Amino acid sequence: MSPKETSAETMTLFSPRLAARLDALVGKYPVRRSALVPMLLYAQDEVGYLSDSVIAEVAHRIGISELDVRNVATYYSMLRFKPAGQYNIQVCTNISCMLRGAYDLYERFQEELGIGHKGVTADGVFSLEEVECIGACCWAPAIQVNYDFHDDLTPDQVPGILGQYRNHLQNEEKNA
Amino acid sequence: MPRLVSHPDEVKIVTRRFGQGAANIDRYLELGGYEAAKKCLARGPEWVITEMKASNLRGRGGAGFSTGMKWSFVPKQSAKPKYVLVNGDESEPGTCKDHLIFLHDPHAVIEGTIIAGVAIGAKTGFIYLRGEYRYLLEIMEKAVADAYGRGFLGKNIFGSDTEFQIITQSGAGAYEVGEESALMESLEGKRGVPRIKPPFPAVVGLYGGPTIINNAETIATVPHVITMGAEAYSAVGTPRNGGTRLFGLSGHVERPGVYELPMGYNLKKMIYDVGGGIRGGRKLKAVVPGGSSTPVLLPEEIENLGMDFDQVGKAGSMLGSGGVVVIDDQTCIVEFALRTISFYQHESCGWCIPCREGTDWLKKSLTRFHAGFGVAADIDNIQYLAENMMGRTFCPLGDAAAMPTLGFVKKFRKEFEDHLNGKPCPFAEHVELAVV
């Protein structure tokens, strides 16, 4: 990797807020590299996925090679290399959720959205994932929409949940 | 928002402040918070470790190792900095207790971390939460910032000359990172693969320094042990199993939830009294007593079973993470086994061959079996595979996949045989076509 003239601050593809957050993050640890995993996640939260340029900037910020970043990033299941929907619906089907109807719930999401595992709707609003245990076993079945938990669900609630996020998006667009 | 439940048999020690707004630092102080940390600073490390040993508090992550003993292994003198690591990577299926601790009592985690730091002479503690717990990480970050604001963390904690810093960390989705050495790798910005032991973390851990790593529930329990006194805490449980445990009742019970019950509480009573019995008046078929990696128990095995590390161990299973998954008589055990193994196959980090190949092979066999394409020899093969994974990997993930598999095959052999010769699964609605 050739040394870059520009500093991380001047070359950033992130918002000023995220860039400031990442600047603070690398100084937080005894070893700079410890910032890598959260940095990838926070960058993904803003950009939507780990694009080549995100990986390049993260590598530069930490001071390691892009290959090294990819090597780590591919390990973690929350990190992705393709865009997801604006609302990524993660349905847990692990044992506690399964026993309380998670597969019926997952099937209802598939029907309502017309997509399967890791699919994205044509308008890019929703994506769907079958995920492993999300730590809501006693309130099963549970899902996460991005980072929001919804628990103790029945398939009948699926249209309502989707409607709630569609409305949220419309309001955001109006305000913007 | 996760529902809080309650039962008269509960002994509320760790959950004492749940639902009382204790995430607010003033409220936490009103409820007696941070007194234990001050007491430990005044009394010194040796007193703290003696107290922890006497409390019979055993690790709540699953292994059940004595917390005081673990802390005592850290060398007093060390050229490299020492660290405290709080494991909040909670990912064992059936387990959601730490979720509630971070939500309702984040300062107890901070206070416990400070006490652990005092005990081993560390100046830095890390609190690692799984990536999915973003809203809980934000609660923890706010609590840590508030504790810094009051001078409970920093260069001179509580006005003393002792330094203690806390750093919060987010994971990004990996069950394996809940294993202590894999967690250290992840925290160092690497793939979360386990390290070979020895050396143990107490000698060579994070950044090569002596490190203790404790489960979040263990750490949140520490201030209560100090406040109550080791003797009083220990008296709540059974011999060598001090205190209470946050049992997560899930699956086919009427009232699922996280209940704090004394160690040694009868499992049958837990399911029928505390949990309100089997949902819809059905019959109990089996129980997974301590998270998905613990071998399944039959109804006749839980009659007189006290839920502590030693008794559940004697019964051929493990207390594990305290996640009690209740299975009714309308459930297909082959499907349940398949879903369990699919998880371990997905989460195996691929570092050790017996785990990487074993989980994959088990998943394929069980998928084929459940779809009705199994042959009689498969049952023995599944058992043979699982037996050969046991004890042959760097970390316990291989065992965690093999142990429940052996339980299912040995205890429900007949149900496996009922799936032979193209017979449709008597229970399942969700048979996937075998792609093997």
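Note that the structure is predicted; figures quoted are calculated from it, not measured.

Q: Any chance you could break down empty space enclosed by the protein for me, citing the residues and the numbers?
A: All names here are of chain B. Inspection of the entire model under this criterion finds 3 cavities of 30 Å³ or more. Quantified by volume, the largest cavity comes out at close to 70 Å³. If you go around the largest cavity, you meet 13 residues; those closest to its centre are Ser 348, Cys 349, Cys 352, Cys 355 and Cys 395. Here the lining of the largest cavity is composed, by residue class, of 8 nonpolar, 3 polar and 2 charged.

Q: Quick rundown of helix α4 (residues 52–62) of chain A? Include the residues and the values.
A: All names here are of chain A. The buried fraction of α4 is high, at 8 of 11 residues. Within α4 the residues assigned to the buried category are Val 54, Ile 55, Glu 57, Val 58, Ala 59, His 60, Arg 61 and Ile 62. Backbone geometry just after α4 places Gly 63 at a positive phi near 90 degrees.

Q: Which residues make up unusual backbone geometry, and what values go with them?
A: Residue Pro 141 of chain A is reached from Ala 140 of chain A by a cis peptide bond, and omega for that bond is -5 degrees. Note on placement: Pro 141 of chain A falls in the loop between β2 (126–131) and β3 (143–145). The backbone of Tyr 207 of chain B shows a phi angle near 50 degrees, a positive value even though the residue is not glycine. With respect to the secondary-structure elements, Tyr 207 of chain B resides in the loop between α8 (180–187) and β4 (211–215). For Tyr 207 of chain B, a relative accessible area of 16% gives the class buried.

Q: Summarise the sheet that holds strand β1 (residues 83–88) of chain B; cite the residues concerned and give the values.
A: All names here are of chain B. Spatial ordering of the open sheet is given by β3-β2-β1-β4, a layout of 4 strands whose pairing is parallel. Both edges of this open sheet fall to β3 (165–170) and β4, since each of them pairs with a single strand only. Between one strand axis and the next, the sheet turns by 20 degrees as a mean value, whatever way the strands run. Pairing of strand β2 (residues 124–129) with β3 involves 6 bridges; the strand directions are parallel. Its bridge partner being in β3, Gly 125 is matched across the sheet by Ile 166.

Q: An account of the nonpolar core is requested, with residue identities and associated values reported.
A: Residues and elements named next belong to chain B. By size, the foremost hydrophobic cluster in this structure holds 118 residues, and its most contacted members are Trp 71, Ile 110 and Ile 114. Of the residues forming this core, the biggest block, 9 residues, is contributed by helix α6 (residues 106–120). Once you skip the residues sitting within four places of it in the chain, Ile 110 turns out to touch Tyr 34, Ile 127, Met 140, Ala 143, Val 144, Ala 147, Leu 153 and Ile 166. Judged by nonpolar contacts, the second largest core, of 41 residues, contains Cys 332, Ile 333, Cys 395 and Ala 400.

Q: Give a detailed account of the layout of surface pockets, specifying residues and quantitative values.
A: Leftover empty space is mapped by rolling, across the atoms, a probe with the size of a water molecule. Residues and elements named next belong to chain B. Looking at the second largest pocket, its volume works out to about 1300 Å³. Going through the elements one at a time, α4 (67–72), α5 (97–104), β4 and α16 (397–411) are the ones with two or more residues in the lining of the second largest pocket. If one sorts the elements of the lining of the second largest pocket by residue count, β4 sits on top with 5 residues. Among the residues making up the lining of the second largest pocket, the classes are represented as 16 nonpolar, 19 polar and 12 charged.

Q: Account for the pairing of strand β10 (residues 323–328) of chain B, with residues named and values stated.
A: All names here are of chain B. The buried count for β10 comes to 6 of 6 residues, which makes it a mostly enclosed element. Burial along β10 is two-sided: Gly 323, Val 325 and Ile 327 and Val 324, Val 326 and Asp 328, pointing in opposite directions, are all buried. By the bridge criterion, 4 bridges tie strand β5 (residues 244–251) to β10 in an arrangement that is parallel. Considered in β10, the bridge of Gly 248 is made with Gly 323. Here strand β8 (residues 284–288) pairs with β10 via 4 bridges, running antiparallel. From the neighbouring strand, Leu 284 faces β10, where its bridge partner is Asp 328.

Q: Tell me about the packing of aromatic side chains, and name the residues and values.
A: Residues and elements named next belong to chain B. Counted under the stated rule, the structure contains 18 aromatic pairs over all chains. Judged by centre distance (4.6 Å) and plane angle (45 degrees), the ring pair of Tyr 34 and Phe 152 falls under tilted. With Tyr 34 in the loop between α1 (25–30) and α2 (35–43) and Phe 152 in the loop between α7 (134–149) and β3, the pair connects residues that are 118 residues apart, well separated along the chain. The pair formed by Tyr 34 and Phe 152 is uniform in burial state, with each residue classed as buried.

So, how was this worked out
- Residues numbered from 1 in each chain as written.
- Chains lettered and ligands numbered in written order.
- Predicted model: local features only at pLDDT ≥ 70, side-chain atom pairs only at ≥ 80, totals over all residues.
- Heavy atoms only, no water.
- 1 Å grid on protein atoms, 1.4 Å probe; cavity = no way out; pocket = protein on both sides within 12 Å on 5 of 7 lines; lining within 4 Å.
- Points joined across faces, edges and corners; volume = space filled by probe spheres on them.
- Nonpolar A, V, L, I, M, F, W, Y, C, P; charged D, E, K, R; others polar.
- Buried < 20%, exposed > 50% of the residue type's maximum accessible area, 1.4 Å probe, protein only.
- Helix = DSSP H or I, 4+ residues; strand = E, 2+ residues; numbered from the N terminus.
- Pairing = 2+ DSSP bridges.
- Axes fitted to C-alpha atoms, helices over the stretch in contact; angles between N-to-C directions.
- Core = buried A, V, L, I, M, F, W, Y, C linked by side-chain atoms within 4.5 Å.
- Contact = heavy atoms within 4.5 Å.
- Phe/Tyr/Trp six-rings, centres within 6.5 Å; stacked < 30°, edge-to-face > 60°.

Interpretation in functional terms is not warranted from these geometric data alone.
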